[in-house]
Amino acid sequence: MNRSRSESLFERAQQHIPGGVNSPVRAFKSVGGTPVFIKRAKGAYLYDEDSNRYIDYINSWGPMVLGHAYEPVVEAIRQHAADSTSFGAPTELEIEMAELIKSMVPNVDLIRMVSSGTEACMSALRLARGYTGRNKFIKFEGCYHGHADSFLVKAGSGMATLNIQSVPGVSTGVSQDTLTAPYNNLSAVKELIAQYPDQIAAIIIEPVAGNMGCILPQAGYLEGLRSLCDQHGIVLIFDEVMTGFRLAPGGAQELYNIKADLVTFGKIIGGGLPVGAFGGRKEIMQHVAPLGNVYQAGTLSGNPIAMIAGYTLLQELRNNPSVYQKLEQTTGQLAGGISRELNKRGIDHTVNILGSMMSVHFGKHAVVDFESAKQCDIGLFNRFFHHLLQQGVYLPPSAYESWFVSSAITDVEVAATIEAVKKFN
Ligand code: HOZ
């Protein structure tokens, strides 16, 4: 496969952009080689600058759940762009968006739009602190909640991919309030709560982790966190930047029937445009400025183009709930097919899967937390990644990221992916 134009673009990019990319994971640093420069995408496929075609299993890390350049979303953007791209003033569309989200997601009385998942999680944490008057919070090893200072401790995603242990620039004062526990380990959380009585404002979790590969919560784990939060006056924050509107219309809260106090969302509510949101119980949300004093603001918050793109996408999801069964079926076929081929080749692996999120981990053991994810054969993943890329299949360029399936992926693409795996040795 010729990728000479990507190669020369990467050379050029490195002269102007740190590492040649605007977000580290996409630099291919851990898998090696040159990142593929994308020119356009449609449906299930990405097309690079050298006109190579790839089946996309990243889908912009989640939001392109109905495939790329989904026509109703594109058309809505086209129409609204003619009325200007930003006002910095309220619009009716923002109310409609809030109403739509509330009709889909349980336990949201009030919701505030922001511009990214990072902003959403950063703001939800500030709110939890302001509401409880406490400073510390618990996050889980290998979970990633964006790049705000407080969250860059034992984080997944790019931090795991690049093996960054601590981030220069994050002050000790900030990181000492970040407490960490292994994912799926309730006793560790109980110990932290006992160690810091009445000091913990929040527990933030990806209810299904997607930043150390895809890792599922074990039975009773989320319920256990909910009841610990109730017992100790701690705010439970579900980071649904990846799972929101993807696993179910109401995200993991609906799927597991667990009530979070606050929930955060990301790019999916912008149909792939830069958007995030945080919302939850009125008792907590009423502390957000200008209703309360927990300050949070942004000119681009509720941006009209992002709103119409997201509104159109979410409405499609709400009106076509059968898409979730289709996504689950396609992902199941994909996972089953890949697993069968790897077994035939005697390659030890574990596939973690839920709905349209999945990941293949190379190792015999169950992958249930960051430690078990790290024990997998990363070198083998990297080889698998490059083999599939060469065959026209685009996986996340890191063993520490979830794969995301879109409804544009049909039996044809699944079969082509499995055919590509057959050639792996
Ligand atoms: N942090 C993103 C995945 N968990 C990757 C962002 C990007 O490179 O686009």
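Conventions and cut-offs
- Residues numbered from 1 in each chain as written.
- Predicted model: local features only at pLDDT ≥ 70, side-chain atom pairs only at ≥ 80, totals over all residues.
- Heavy atoms only, no water.
- Helix = DSSP H or I, 4+ residues; strand = E, 2+ residues; numbered from the N terminus.
- Rg over C-alpha atoms; globule rule 2.2 N^0.38 Å.
- Buried < 20%, exposed > 50% of the residue type's maximum accessible area, 1.4 Å probe, protein only.
- Contact = heavy atoms within 4.5 Å.
- Areas by Shrake-Rupley, 256 points an atom, 1.4 Å probe, with all protein chains shown as cover.
- Lys, Arg positive; Asp, Glu negative; His and termini not counted.
- Charge placed at Lys NZ, Arg CZ, Asp CG, Glu CD.
- Salt bridge = Lys/Arg side-chain N within 4 Å of Asp/Glu carboxyl O.
- Core = buried A, V, L, I, M, F, W, Y, C linked by side-chain atoms within 4.5 Å.
- 1 Å grid on protein atoms, 1.4 Å probe; cavity = no way out; pocket = protein on both sides within 12 Å on 5 of 7 lines; lining within 4 Å.
- Points joined across faces, edges and corners; volume = space filled by probe spheres on them.
- Nonpolar A, V, L, I, M, F, W, Y, C, P; charged D, E, K, R; others polar.
- Pairing = 2+ DSSP bridges.
- Axes fitted to C-alpha atoms, helices over the stretch in contact; angles between N-to-C directions.
- Polar contact = N/O pair within 3.5 Å; in protein donor to acceptor, adjacent residues only side chain to side chain.
- Near = heavy atom within 4 Å.

Participant: Account for the overall build of the protein chain, naming residues and giving values.
Facilitator: Counting its secondary structure elements, the protein chain contains 15 helices and 14 strands. Compactness check: the protein chain gives a C-alpha radius of gyration of 21 Å against a globular reference of 22 Å for 425 residues, within 12% of the reference. Projecting the C-alpha coordinates of the protein chain onto the three principal axes gives extents of approximately 55 × 55 × 45 Å. Counting every position in the protein chain, which comprises 425 residues, the buried fraction comes to 57%. Taking as baseline every contact in the protein chain between residues at least 6 positions apart, the subset at least 24 positions apart corresponds to 73%. Here the protein chain has roughly 17300 Å² of accessible surface; of this, 49% comes from carbon and sulfur atoms. Where the 35 positive side-chain charges of the protein chain centre and where its 39 negative ones centre are 4 Å apart.

Participant: So what's going on with the pattern of salt bridges? Which residues, and what values?
Facilitator: In total, this model carries 14 salt bridges according to the counting rule given. The partner of Arg226 in a salt bridge is Asp230, with the nearest N and O atoms 2.8 Å apart. In this pair, Arg226 and Asp230 both sit in helix H8 (residues 221-232), 4 residues apart, roughly one turn of the helix. Judged by its relative accessible area of 14%, Arg226 falls in the buried class. Across the pair Glu371 and Lys374 runs a salt bridge whose closest N-O atoms are separated by 3.3 Å. Taken together, the positions of Glu371 and Lys374, both in helix H13 (residues 370-374) and 3 residues apart, correspond to about one turn of that helix. We classify Glu371 as partly exposed; its relative accessible area is 41%. Within the structure, one salt-bridge network assembled from shared partners comprises Arg226, Asp230, Asp261, Arg281 and Glu283.

Participant: Tell me about the nonpolar core, and please be specific about residues and values.
Facilitator: The nonpolar side chains of a soluble globular protein tend to be buried, and buried together. Ranked by size, the top nonpolar core spans 64 residues in total, and within it Ile101, Ile138, Phe140, Phe245, Ile269 and Leu317 carry the most contacts. Among the elements that line this core, the one with the most residues is helix H11 (residues 304-319), at 8 residues. The residues contacting Leu317, other than those within four sequence positions of it, are Val65, Leu66, Met104, Phe245, Val323 and Tyr324.

Participant: Explain empty space enclosed by the protein to me, using residue names and the numbers behind them.
Facilitator: Within the structure shown, the criterion is met by 1 cavity of 30 Å³ or more. The wall of the largest cavity is formed by Met212, Val360, His361, Phe362, Ala373, Cys376, Asp377, Ile378, Phe381, Ala399 and Tyr400. Elements that contribute at least two residues to the lining of the largest cavity include exactly strand E12 (357-361) and helix H14 (378-390). Of the residues assigned to the lining of the largest cavity, the class counts are 9 nonpolar, 1 polar and 1 charged.

Participant: An account of the pairing of strand E3 (residues 53-56) is requested, with residue identities and associated values reported.
Facilitator: As defined by bridge partners, strand E2 (residues 45-48) adjoins E3 across 3 bridges and the pair is classed as antiparallel. Residue pairing for E3: Tyr47 is matched across the bridge by Arg53. Connecting E2 to the next strand, E3, in antiparallel fashion are 4 residues, including Ser51 with a positive phi near 70°. Sheet topology places E3 next to strand E13 (residues 393-394); 2 bridges connect them, and they run parallel.

Participant: I'd like a rundown of the sheet that holds strand E10 (residues 276-280), residues and numbers included.
Facilitator: Pairing is mixed in the open sheet, where 7 strands are placed in the order E4-E10-E9-E8-E7-E5-E6. Strands with a single pairing partner mark the edges of an open sheet, and in this sheet they are strand E4 (110-114) and strand E6 (178-181). Strand-to-strand twist across the sheet, computed as the mean angle between neighbouring axes with direction ignored, equals 20°. Here helix H7 (residues 186-195) sits on the sheet in contact with strand E5 (136-140), E6 and strand E7 (200-205), set at roughly 150° to E6.

Participant: Would you mind going over unusual backbone geometry in detail, with residue names and values included?
Facilitator: Here Ala289 and Pro290 are connected by a cis peptide whose omega angle stands at 10°. Relative to the helices and strands, Pro290 is located in the loop between helix H10 (282-285) and H11. Positive phi is not limited to glycine here, since Asn107 has a value of about 65°. In this fold, Asn107 is placed in the loop between helix H3 (92-104) and E4. Non-glycine residue Ser157 carries a positive phi angle of around 55°. By relative accessible area, which is 8% here, Ser157 ends up buried.

Participant: How would you explain the environment of Glu254 if you had to name every residue and give the values?
Facilitator: With respect to the helices and strands, Glu254 occurs in helix H9 (residues 251-256). We classify Glu254 as partly exposed; its relative accessible area is 39%. Sequence separation between Glu254 and Phe424 is 170 residues; the distance between their C-alpha atoms is 38 Å. Within the structure, the side chain of Glu254 is placed 2.7 Å from the backbone nitrogen of Gly250, a separation counted as a polar contact.

Participant: Describe the site of the ligand, and please don't skip the residues or the numbers.
Facilitator: By nearness alone, every residue bordering the ligand is listed as Ser23, Arg26, Trp61, Tyr144, Ser157, Asn211, Met242 and Glu401. At 3.2 Å, a side-chain N or O of Ser23 approaches an oxygen atom of the ligand. Glu401 has a polar side-chain atom sitting 2.8 Å from a nitrogen atom of the ligand. The protein chains hide 87% of the 290 Å² of surface that the ligand would expose on its own. Its residues assigned to classes, the shell around the ligand comprises 3 nonpolar, 3 polar and 2 charged.

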